[in-house]
Amino acid sequence: MGSWYWWMILGMAAVTYIPRAIPLTFLEGRELPPSVSGVLRNIPYAVLGALIFPAILYAQEADLMFGVIGMAAAVAIAWFGGGVMGTVLGTIAILAVYSLIIG
């Protein structure tokens, strides 16, 4: 392994560490405004949606409805309190039945 691997690993570590350390250092003990806290609280959901939605459209290239039915099933199960495992397993079951019917 060449020395440039180590420099690359150190560079990636620095790029990951610095954005996390700066807020901890400079914002320690300060209270963020409610509007900023609200935005920061919703970022994980926005990122998750941005990562998952394109995959829904391309779940099966030949059948767009496969992804749409899967999304609708997951939203419905989660809406009615299915929990994470219930939502995943329920969506898999619904898509398995859909695959058997459409075949």
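The structure we're discussing is the one just above.
Nothing here was measured: the structure is a model prediction, and the numbers come from that model.

Student: Is there a simple way to explain the side chain of T91 in this structure?
Tutor: Topologically, T91 is positioned in helix α4 (residues 83-102). In contact with T91, not counting residues within four places along its chain, are G70, A73, A74 and I77.

Student: I tried to follow the side chain of T87 on my own but got confused; where do I start?
Tutor: Its location among the elements puts T87 in helix α4. In contact with T87, other than residues within four places in its own chain, are A74, I77, A78 and G82.

Student: What is the right way to read the packing of helix α3 (residues 64-79) against α4 from this model?
Tutor: Helix-helix packing is described using two parameters, namely the angle between the two axes and the distance between the axes. Running from N to C, α3 and α4 point in directions that differ by 145°, and their axes come no closer than 9 Å. Considering how the two elements wind past one another, α3 and α4 form a crossing that is right-handed. Counting all contacts with α3, which are made through M65, F66, I69, G70, A73, A74, I77 and A78, the residues of α4 involved are G86, T87, G90, T91, I94, L95, Y98 and S99.

Student: What's the story with helix α2 (residues 34-57) in this structure? I'm lost.
Tutor: Counting along an α-helix, one turn takes 3.6 residues, and residues three or four places apart therefore face a common direction. Its 24 residues place the ends of α2 35 Å apart at the C-alpha level, agreeing with the 34 Å of an ideal helix rising 1.5 Å per residue. At I43, α2 shows its maximal bend, which comes to roughly 35°, and the proline P44 appears one to four places after that position.

Student: Can you walk me through the packing of aromatic side chains in this structure?
Tutor: The description of an aromatic ring pair uses the distance of the two centres, along with the angle that the planes make with each other. All told, the structure shown has two aromatic pairs when counted by the stated rule. Relative to Y5, the ring of W4 has its centre 4.5 Å away and its plane inclined at 20°; by these criteria the two rings are stacked. Ring geometry for F66 and Y98: centres 6.1 Å apart, planes at 45°, overall tilted. Here the residue F66 occupies a position in helix α3, and Y98 occupies one in helix α4, the gap between them amounting to 32 residues.

Parameters and conventions
- Residues numbered from 1 in each chain as written.
- Predicted model: local features only at pLDDT ≥ 70, side-chain atom pairs only at ≥ 80, totals over all residues.
- Heavy atoms only, no water.
- Helix = DSSP H or I, 4+ residues; strand = E, 2+ residues; numbered from the N terminus.
- Contact = heavy atoms within 4.5 Å.
- Axes fitted to C-alpha atoms, helices over the stretch in contact; angles between N-to-C directions.
- Left-handed = near helix turned anticlockwise from the far one by under 90°.
- Expected span 1.5 Å × (residues − 1).
- Bend = angle between axes of the 7 residues up to and from the residue.
- Phe/Tyr/Trp six-rings, centres within 6.5 Å; stacked < 30°, edge-to-face > 60°.

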